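Listed below are the residues making up each chain.
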Amino acid sequence: MPEHKISEFEKWDHLQVQLALLFKEKDITRVELMDEGIGLLKAIVEKAGEAAPLNFSERFTFIQNNKHNYTAFKQLDELFKETKKKLARLRAQNLK
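Every chain's residues receive numbers from 1 upward, in the order its sequence appears when written. Totals for whole chains, interfaces and linings use every residue, but because this is a predicted model, local features are given only for residues with pLDDT of at least 70 and side-chain atom pairs only at 80 or more, for both listing and counting. Remark: hydrogens and water are excluded; side-chain values derive from all non-hydrogen atoms of the structure.

Student: So what's going on with the nonpolar core? Which residues, and what values?
Tutor: Buried residues of nine kinds, namely Ala, Val, Leu, Ile, Met, Phe, Trp, Tyr and Cys, make up a nonpolar core once their side-chain atoms join them within 4.5 Å. When accessible area is computed with a 1.4 Å probe and restricted to protein chains, residues below 20% of their type maximum are described as buried, those above 50% as exposed, and intermediate ones as partly exposed. Residues W12, L19, M34, L41, L76 and F80 are the most contacted members of the largest nonpolar core, which totals 23 residues. Helix and strand definitions follow DSSP, with helices as H or I runs of at least four residues and strands as E runs of at least two, each counted in order from the N terminus. Listed by contribution, the elements that provide at least two residues to this core are α1 (8–24), α2 (30–47), α3 (56–65) and α4 (70–95). Here this core gets seven residues from one element, more than from any other, and that element is α2. With near-sequence residues (within four places) excluded, L19 lies in contact with W12, R30, L33, M34 and F73. Note on definitions: a residue-residue contact is assigned when non-hydrogen atoms from the two residues lie within 4.5 Å.

What follows is the structure, encoded as structure tokens:
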């Protein structure tokens, strides 16, 4: 039976839950998980460059420079959602 490979988006779903809790508790270890999330998003966008959401570079830079900030966490979450939608739309267009 083939192993199910966990996608970057599934990894983010798990990280997102952990990060939400760490931000709520004001736990500084959240920065390490933010780095992990940033790396996941970067890998996704590098694999499928045209999937980058609007203003990706500016938003991504903000996130990298403000990892400790809750607003950066929310922005990272939004970028994951937007990237996932855009990838789905691109796949659907390629099937036509």
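The discussion continues.
Student: Help me get a handle on the packing of α3 against α4, residues and values and all.
Tutor: Put simply, α3 and α4 touch, their axes get as near as 9 Å, and they point 145° apart. Crossing of α3 over α4 shows left-handed handedness. On the side of α3, the interface is formed by F56, R59, F60, F62 and I63, while α4 contributes T71, A72, Q75, L76, E78, L79 and E82. Basically, the charged four are Asp, Glu, Lys and Arg, the nonpolar ten are Ala, Val, Leu, Ile, Met, Phe, Trp, Tyr, Cys and Pro, and anything else, Gly included, counts as polar. In terms of residue class, the contact of α3 with α4 is made up of seven nonpolar, two polar and three charged. To get an axis, fit a line to the C-alpha atoms, keeping to the stretch in contact for a helix; angles then go from 0 to 180 degrees between the N-to-C directions. Here a crossing is called left-handed whenever its near helix is offset anticlockwise from the far helix by less than a right angle, and right-handed whenever the offset is clockwise.

Student: Give a detailed account of the side chain of T83, specifying residues and quantitative values.
Tutor: Structurally, the position occupied by T83 is in helix α4. Any N or O atom pair separated by 3.5 Å or less is treated as a polar contact, with the protein-specific requirement of one donor-capable and one acceptor-capable atom, and with residues adjacent in sequence counted only for side-chain atom pairs. At 2.6 Å, the side chain of T83 and the backbone oxygen of L79 are in polar contact. If we skip the residues at most four places from it in the chain, T83 touches F9, L41, I44, V45, A51 and P53.

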